[in-house]
Protein chains: 2
Amino acid sequence: MSAVPTPSSDAIDPSDALVADVFARNCDSRAALETVGGKWSILALLALVEGDYRFNALRRRVEGVSEKMLAQTLHALERDGLVQREVVTVIPARVEYSLTTLGAEIAERLRGLTELLEGSIDHITAARAAYDARRG
Amino acid sequence: MSAVPTPSSDAIDPSDALVADVFARNCDSRAALETVGGKWSILALLALVEGDYRFNALRRRVEGVSEKMLAQTLHALERDGLVQREVVTVIPARVEYSLTTLGAEIAERLRGLTELLEGSIDHITAARAAYDARRG
């Protein structure tokens, strides 16, 4: 996995020397984790690994997401530089969403995670049943 | 990364032959993704990579989490078999939380993700500023 690069030290502010830390409440990386971590973000990023998507096709791919929620999700991912929104000027004009380079790297990590979850689902389902039985 | 094993086929129900798919609205793996995704679950799993934690120590480590939210998060992770809750019978008795084998594997994937986010934070912050400037 990639090492954590230390930030460049052009400025004198000593806080620049701090490495980002998702455990720190006010660290920007915590906010980035909030963008990436939710179910809909994860599914949208994974879908875009398959190729560019128009909004409605992406909505069909990510089963169960509402129009409003997908729009919010894509805005947040675009804002953090993980997804690119492009207006394709054919007639009729259309809007396509694709992964940026960083978005693709993050999606790759998420794929490792979801493949593990999918491959462990029998185990997880059994754990749930046992837990619920204990709780009566 | 691990391949997706096909489920065992003891039963005749043909749906047993389906591979888990997080994109499918009703797939159990989607529910598992909901448990694991989410800021507090991710941070709790990452903290537990460092070692076992008592509730209050874990709450201090995961800055900003409320008592109620951490309790809910740990219950969900325990239910899905990712976290183990153990009552240590010393006096006074204490409760310790640790990762299961599957929980540790998942946490490892999450560490790859968060290290990438932490290492890309300058890029993400710049993307956000540019986005906000465009939106006025």
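Just above sits the structure.
Residues numbered from 1 in each chain as written. Chains lettered and ligands numbered in written order. Predicted model: local features only at pLDDT ≥ 70, side-chain atom pairs only at ≥ 80, totals over all residues. Heavy atoms only, no water.

Let's talk about the pattern of salt bridges
By the definition in use, this model includes 16 salt bridges over all chains. Here R128 of chain A ties to D80 of chain B by a salt bridge, and the two come within 2.6 Å at their closest N and O atoms. Here D80 of chain B lies in the loop between helix 4 (67–79) and strand 2 (83–88) and R128 of chain A lies in helix 6 (residues 121–134), a pairing that spans two chains. Neither residue differs from the other here; R128 of chain A and D80 of chain B are each classed as buried. With its nearest N and O atoms 2.8 Å apart, the salt bridge here joins R61 of chain B to E50 of chain B. With R61 of chain B in helix 3 (residues 55–61) and E50 of chain B in the loop between helix 2 (39–49) and strand 1 (53–54), this residue pair connects regions lying 11 residues apart in the sequence. Judged by its relative accessible area of 27%, R61 of chain B falls in the partly exposed class. Judged by its relative accessible area of 45%, E50 of chain B falls in the partly exposed class. (Salt bridge = Lys/Arg side-chain N within 4 Å of Asp/Glu carboxyl O. Helix = DSSP H or I, 4+ residues; strand = E, 2+ residues; numbered from the N terminus. Buried < 20%, exposed > 50% of the residue type's maximum accessible area, 1.4 Å probe, protein only.)

Things to note about unusual backbone geometry
Residues I91 of chain A and P92 of chain A are joined by a peptide bond in cis, for which omega reads 0°. Topologically, P92 of chain A is positioned in the loop between strand 2 (83–88) and strand 3 (94–99).

Some remarks on the sheet that holds strand 2 of chain B
Sheet strands line up and pair through hydrogen bonds in the backbone, either parallel or antiparallel. All names here are of chain B. Reading across from one edge, 1-3-2 is the order of the three strands in this open sheet, with antiparallel pairing throughout. Only two strands of the sheet have a single neighbouring strand rather than two, namely strand 1 and strand 2. Here two bridges tie strand 1 to strand 3 (residues 94–99), and the two strands are oriented antiparallel to one another. Note on strand 3: the bridge partner recorded for Y53 is Y97. Strand contacts of helix 2: strand 1, strand 2 and strand 3, with the helix running at about 95° to strand 3, the strand carrying the most contacts. (Pairing = 2+ DSSP bridges. Contact = heavy atoms within 4.5 Å. Axes fitted to C-alpha atoms, helices over the stretch in contact; angles between N-to-C directions.)

Details of the environment of E63 of chain A
As for its position among the elements, E63 of chain A is in the loop between helix 3 (55–61) and helix 4 (67–79). Sequence separation of E63 of chain A and W40 of chain A is 23 residues, and the distance between their C-alpha atoms is 9.8 Å. Those residues in contact with E63 of chain A that lie beyond four places of it in its chain are W40 of chain A together with F23, A24, R25 and R30 of chain B. A polar contact of 2.8 Å, which involves the side chain of E63 of chain A, links it to the backbone nitrogen of R25 of chain B. (Polar contact = N/O pair within 3.5 Å; in protein donor to acceptor, adjacent residues only side chain to side chain.)

Focus: the packing of aromatic side chains
Enumeration over the complete set of coordinates arrives at zero aromatic pairs over all chains. When the ring centre of F23 of chain B is taken as origin, the NZ or CZ atom of R61 of chain A, which lies over that ring, is 3.8 Å away. (Phe/Tyr/Trp six-rings, centres within 6.5 Å; stacked < 30°, edge-to-face > 60°. Lys NZ or Arg CZ within 6 Å of the ring centre and 35° of its normal.)

Section: the sheet that holds strand 2 of chain A
Residues and elements named next belong to chain A. Across the sheet, which stays open at both edges, the three strands sit in the order 1-3-2 with antiparallel pairing between neighbours. Both edges of this open sheet fall to strand 1 (53–54) and strand 2, since each of them pairs with a single strand only. Contacts between helix 2 (residues 39–49) and the sheet are confined to strand 1, strand 2 and strand 3, with strand 3 contributing the most and set at about 95° to the helix.

Details of the relation of the copies chain A and chain B
Rotating chain A by 180° and translating it 0.0 Å along the rotation axis places it on chain B, where the RMSD comes to 0.1 Å. Put plainly, the chains are arranged around a two-fold axis. Interface overlap between copies: 100% of the residues of chain A at the interface are likewise at the interface in chain B, consistent with a symmetric, same-surface contact. (Least-squares fit on C-alpha atoms with pLDDT ≥ 70 in both.)

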